[in-house]
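# Structural features, examined
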Amino acid sequence: MFISIAGLYILLNADFVSAAQILIYVGAVNVLILFAIMLVNKTEAFKPLPRRWIRKVSTAFVALALFALLATMVLQTHWPVDLTLQPPASSVELIGEHFFSDYLLPFELASILLLMALVGAVVLARRETIIGEETAIVGEEPPPVLQLPERPREPIA
Amino acid sequence: MKLEFFLLLAAALFCIGIYGLITSRNAVRVLMSVELLLNAVNLNLVAFSNFLDGQQINGQVFTVFVITIAAAEAAVGLAIILSIYRNRDTVDMEQFNLLKW
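Residues numbered from 1 in each chain as written. Chains lettered and ligands numbered in written order. Predicted model: local features only at pLDDT ≥ 70, side-chain atom pairs only at ≥ 80, totals over all residues. Heavy atoms only, no water.

## Brief notes about the packing of aromatic side chains
Filter applied, for reference: The pairing test for Phe, Tyr and Trp rings, Trp by its six-membered ring, is centres within 6.5 Å, and the orientation test on the planes gives stacked under 30 degrees, edge-to-face over 60, and tilted for anything in between. Where helices and strands are cited, they refer to DSSP runs of H or I of at least four residues and of E of at least two residues respectively, numbered from the N terminus. For every residue, the accessible area (1.4 Å probe, protein chains only) is compared with the maximum for its type, and the residue is labelled buried under 20%, exposed over 50%, or partly exposed between those bounds.
Summed over the entire model, instances satisfying the criterion amount to seven aromatic pairs over all chains. Taken together, a centroid distance of 5.7 Å and an interplanar angle of 75° make the contact between Tyr103 of chain A and Phe62 of chain B edge-to-face. Residue Tyr103 of chain A is located in the loop between helix H4 (91–100) and helix H5 (104–125), and its partner Phe62 of chain B is located in helix H3 (residues 58–88); the two belong to separate chains. Judged by centre distance (6.3 Å) and plane angle (45°), the rings of Phe6 of chain B and Phe51 of chain B are tilted. With Phe6 of chain B in helix H1 (residues 3–23) and Phe51 of chain B in helix H2 (residues 27–51), the pair connects residues that are 45 residues apart, well separated along the chain. This pair shows no difference in class: Phe6 of chain B is buried, exactly as Phe51 of chain B is. Of the aromatic side chains, those joined through ring pairs into one cluster are Phe99, Phe100, Tyr103 and Phe107 of chain A together with Phe62 and Phe65 of chain B.

Printed below as a string of structure tokens:
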């Protein structure tokens, strides 16, 4: 699906965005989702909820109604499309000029946000290990440590 | 190639994403639905940028920003899901009541 959306971007004369889509979505986000599926790999029978079908039906109704609304809006509006203009020769240069002239502040803010997300993800996902509690037994062979010493964790509530 | 086709496709993607976001009970599926929503928005932005703003492609710049934010969101969301899964031993959205009073 991500790759097909990248193909649509190429159809829309957006080659840089298409490359970014392939690199980021197919390369990074897909791998993240696969890691999530792998790490949370438990076939879990969810408890059946009472009146769950009401939620499903109402959500389907709302989604279909929203789609109908958007479709009528799209089809009824007269879009001032001007097909005589030629697309710019290189969208990469234009995007670069935008980034370093009038979108400079959002660009820098995006870099800071990426750094914050990186640090936050590491802090959230790391295991809390116990440091400095090795047993010092002289003369005996220590048992092979197969995993990091992890602080015992009791599930919350 | 018309603008309406892209807008209709983006609207359909958005509605599927909303349906999956609300009805799915697995937390990973919720994350995937959010990605679907962001992709629909990106498609809209690029379509408008091509058809209505063909010379100054501001929409593509916005799309790059949205992709950046989406990557950060995916990373943080995955970390949150992992942390909740380790503490609660479930990925059921109905049992996440940490922020309820």
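Alright, that's what it looks like, and here's the rest.
## Points about helix H3 (residues 52–76) of chain A
Stated formally: Here, expected helix span is obtained from the residue count minus one, scaled by 1.5 Å. By definition, residues are in contact when any of their heavy atoms lie within 4.5 Å.
Under the 1.5 Å per step criterion, the end-to-end length of H3 of chain A is 36 Å for 25 residues, consistent within 8% with the ideal 36 Å. Where H3 of chain A is buried, its residues contact H1 of chain B.

## What about the interface of chain A and chain B?
For clarity, the cut-off: As a working definition, buried area equals the accessible area (1.4 Å probe) given up by two parts on being put together, with both sides summed. For this analysis, a salt bridge means a side-chain nitrogen from Lys or Arg found within 4 Å of a carboxyl oxygen belonging to Asp or Glu. Contacts described as polar in this section are N or O atom pairs within 3.5 Å, which, within protein, must combine one atom able to donate a hydrogen with one able to accept it, while residues neighboring in sequence count only if both atoms come from side chains. Put simply, Ala, Val, Leu, Ile, Met, Phe, Trp, Tyr, Cys and Pro go in the nonpolar bin, Asp, Glu, Lys and Arg in the charged bin, and everything else, Gly too, in the polar bin.
Across the boundary between the two partners, chain A contributes 69 residues, which contact 69 residues of chain B. Between chain A and chain B, roughly 6,400 Å² of surface is buried when both sides are summed, and carbon and sulfur atoms account for 75% of that area. Remark: the boundary between chain A and chain B carries zero salt bridges. Connecting chain A to chain B are three residue pairs in polar contact (both at pLDDT 80 or more). Looking at which element gives the most residues to the side of chain A that touches chain B, the answer is H3 of chain A, with twelve residues. Looking at the side of chain A that touches chain B residue by residue, the class counts come to 53 nonpolar, six polar and ten charged.

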